[in-house]
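If you want the building blocks of each chain, they are given just below.
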Amino acid sequence: MSSSSSKSRPQWIYDVFINFRGGGTRNFVSHLYYALLNAGVNTFFDEENLLKGMQLEELMRAIEGSQIAIVVFSETYTESTWCLTELEKIIECHETCGQLVVPIFYDVDPSVVRHPIGHFENALKAAAEKKHLPELLEYGLRRWRTALTKAANFSGWDVRNRRNKAKLVKEIVEDVLTKLDYALLSITEFPVGLEPRMQQVIGFIENQSTKVSIIGIWGMGGSGKTTIAKAIYNQIHRRFMDKSFIENIREVCETDGRGHVILQEQLLSDVLKTKVKIHSVGMGKTMIENRLSGKRALIVLDDVNEFGQLKDLCGNRKWFGQGSVILITTRDLHLLDLLKVDYVYEMDKMDEDESLELFSWHAFREAKPVEDFNELARNVVAYCGGLPLALEVLGSYLIERTKKDWESVLSKLKIIPNDQVQEKLRISFDGLRDHMEKDIFLDICCFFIGKDRAYVTEILNGCGLHADIGITVLIERSLLKVERNNKLGMHQLLRDMGREIICESSRTEPGKRSRLWFHEDVLDVLAKNTGTEAIEGLALKFHFTGRDCFKAYAFEEMKRLRLLQLDHVLLTGDYGYLSKKLRWICWQGFPSKYIPNKFYLEGVIAIDLKHSNLRLVWKEPQVLPWLKFLNLSHSKYLTETPDFLKLPSLEKLILKDCPSLCKVHKSIGDLRNLLLINLKDCTSLGNLPREIYKLKSVKTLILSGCLKIDKLEEDIVQMESLTTLFAENTAVKQVPFSIVSSKSIGYISLCGYEGLSRNVFPSIIRSWMSPTMNPLSYFRPFCTTSSYLVSMDMQSDNLGDLGPMLSNLSNLRSVLVQCDTEFQLSKQVQTILNDVFGVNFTELEITSRTSQISKQYLRSYLIGIGSYDQEVFNTLSNSISEGTLVIFSYSEGRTRAPSEYSGVWRVPTKGTPMLKLGQTRISIVINEQ
């Protein structure tokens, strides 16, 4: 969707200029004039303006500023020196700037206009005598005759034999509209995917006809913002008498000190259809407010990068008339937020099919790749990542090249990105306000793509980069995005651009770059000991069991090293050579049995040593005042946790799948900031120290797969922030009442292990109702302020007592019930619907067609069946507010879209994802109304 270059076009002020002689043609021309206006064609009506005393100079400017000139020839046409002077100017404009000329022969034969005779000729001579001095008479007469001949030779309309003048006028208007399409803003040669995106914005505009609407089009460089803005303008501009499309605002302001004034002049000149001069920004703002306040205008402001530009051009809605539309394209979302726009359209990347088609049009001049180039084309398209600019640039570059050339280009792109693409993307990086924002971008593009936003923010804050606001700015500038599960994402071409910026500092000496991530460069620096103080981040990954061995001495000069990522790297020697400024250590396969004392970690924010060889974390307790994240997952030899006494800032402790871990140090109870404990699949771990239950800050506790844990203490009630408890596949046989009476708990999962009584969940639900097991008397005091989600296995067909209990849980948010057979499924749905909701099962007609359900049920409940995972549950939970009822039938082991399921369903407005059916579960979500 990127915009293609085009030859320079004049800045049109009018769509149509009508040139005619009054008298018998007046009614016809008036009818034509108003028909054009009603069609949204901005028309200059000559006679109307002459009556107001318009000077000849102004009239000539109006002709120059018109895309089409309609010349109405009549018997008396040559009596007017004004008409002939205008006609001469019209022919000049046609020849110099491509103005279209449409002749209409009202009551005169075209041949008479081409070769004047009779009255037409006599009037022409008389007009020449009146206009020119005797010595210039022949010269002037010859020029007028030439203009008449040229005008009469254009394709036009002969009115003489047309009885239905109204129909003729309609045909002329339609012809004009068609011709105007050739004079619209130039957009891309191959508008793949443009129409649906354009219509989405136009659809919003059409619903805002009674107000001043401001719309933003936001996206990264090269995503097609200008192209879609031009397409929208071309589609709707005829609805507006007053309009202006101002391109390249950023460039104008960067290259000219009077940039804001120049932009104001262009806006006013376009809308007022006359040249406007402004002496100051303040004067321009006053003129915009005073001169445009009553006008219904279409204004497009392209490539805005400063809020001051918006303030000076459209700072107040009151400056414009009702029904005006202001369209703004920008890379900076924050500018649109500051202006409080009505609607933001985010430019999405092209999908694979769109990308391949757009690339093919540029590379092969066909909609699909040439057969022999199909795989190569798809590889290039994958590299472009759905960015229209890259698809166009690379497609145009590769056209008519050999397969060997294509392969060479692909290899080169892996090392050196394309200059044209990078130049466009670089604008966003160069526009960042300070070095901190630039450092955050460069750190992320080298080390943190795919990492949790909060995790990265804490690490970079520890580096003094103020990442809370910095990451927000990068997102607003379209340099960064937050993807599923709060992970940071970045377009691969932006990543390549950032890495290329780093490489610019030293092409031949990698050791002088600020960040090292390219495998061969890092190997070279560590092997040859050529690292320098410039290096702030280093990553080296081996994806095989064999390890390369390096000397710790190689890090001696890297005194500013903040970020270190190593995968299965063996480092020997004195770890004291490693930087004392380290803030992030991610070392998968850490080779030592314990962390050496000389490894200086005092300033570290995050330690990630997954798949390590650690037996102990360290021999002596370490003072790590800033450590917030400790991840030792999959360390199969680790036998006990460290002493936590000197880790006061620790927030997340992740010890997943440490099969030899048998002891959690009791000092864990002193961690006042701890939010997450993950001990999943620590199969040798016995019961937890009682001190762990003192942790008032912990929100998530994961014990699933800890096969030796058979008890949860009643002291767990002291964990007053605990919202989520996962304890599946443990030896727990009894659930403490205190956990289910907690006001904070939001999710409990305790199923899956054979030692757990199948009736444990009914007992939990009863305990919510009352400590004395009375289901009615004491229930509400425990549940009035909480909402719960419970997960349970149904291992028998004895389900009858579940429904009555659920019916009393007015605040129960969700129940996930796993069913192993279709019979269990249907029986459980029937039980829940009958006993909980009071709905007769037969009323729902669970068949292969959609059924009508009473709105009172649709409003409150959602029932879904599918393989449960967090994404599905989030989707189901989100859909509650949509007032949706969905019932899907059991279908073992198949994958289907929701619309293909049997049963009663209404798709939520936010959409429902594909659900993989296998281990089937029922999800019942009760919306609190």
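Keep in mind it's a predicted model, so treat the numbers as computed, not measured. (Residues numbered from 1 in each chain as written. Predicted model: local features only at pLDDT ≥ 70, side-chain atom pairs only at ≥ 80, totals over all residues. Heavy atoms only, no water.)

1. A look at the packing of helix α17 (residues 374–384) against helix α19 (residues 403–413)
For step 1, the next point in the chain: Put simply, α17 and α19 touch, their axes get as near as 11 Å, and they point 25° apart. Compared by their axis directions, α17 and α19 come out roughly parallel. Classified by chirality, the crossing of α19 by α17 is left-handed. Residues L376, A377, N379, V380 and Y383 of α17 form the contact with α19, whose participating residues are K403, W406, E407, L410 and L413.
For step 2, the next point in the chain: A per-class count over the contact of α17 with α19 returns seven nonpolar, one polar and two charged. (Axes fitted to C-alpha atoms, helices over the stretch in contact; angles between N-to-C directions. Helix = DSSP H or I, 4+ residues; strand = E, 2+ residues; numbered from the N terminus. Parallel < 35°, antiparallel > 145°, perpendicular 65-115°, else oblique. Left-handed = near helix turned anticlockwise from the far one by under 90°. Contact = heavy atoms within 4.5 Å. Nonpolar A, V, L, I, M, F, W, Y, C, P; charged D, E, K, R; others polar.)

2. Observations regarding unusual backbone geometry
For step 1, the next point in the chain: Positive phi, normally seen in glycine, also occurs at N248, with a value near 55°.
For step 2, the next point in the chain: With respect to the helices and strands, N248 occurs in the loop between β7 (242–246) and α11 (249–255).
For step 3, the next point in the chain: Phi angles above zero are rare outside glycine, and D657 is one such case at about 55°.
For step 4, the next point in the chain: For D657, a relative accessible area of 30% translates into the label partly exposed. (Buried < 20%, exposed > 50% of the residue type's maximum accessible area, 1.4 Å probe, protein only.)

3. Focus on the pattern of salt bridges
Side chains that differ in charge, positive against negative, can pair when their charged atoms come close.
For step 1, the next point in the chain: This model, assessed by the stated rule, comprises 46 salt bridges.
For step 2, the next point in the chain: Put simply, K610 and D608 hold a salt bridge, and the shortest N to O gap is 2.7 Å.
For step 3, the next point in the chain: D608 sits in the buried class, given a relative accessible area of 5%.
For step 4, the next point in the chain: For K628, the salt bridge goes to E651, with nearest N and O atoms at 3.9 Å. In this pair, K628 sits in the loop between β19 (606–608) and β20 (629–631) while E651 sits in the loop between β20 and β21 (652–654), placing the two residues 23 residues apart along the sequence.
For step 5, the next point in the chain: Salt bridges linked by common partners bring D439, D443, R515, E536, R560 and R562 together as one network. (Salt bridge = Lys/Arg side-chain N within 4 Å of Asp/Glu carboxyl O.)

4. With respect to the environment of C682
For step 1, the next point in the chain: In this fold, C682 is placed in the loop between β22 (676–678) and β23 (700–702).
For step 2, the next point in the chain: Apart from the residues within four sequence positions on either side, C682 is in contact with L655, D657, C658, L661, G705 and C706.

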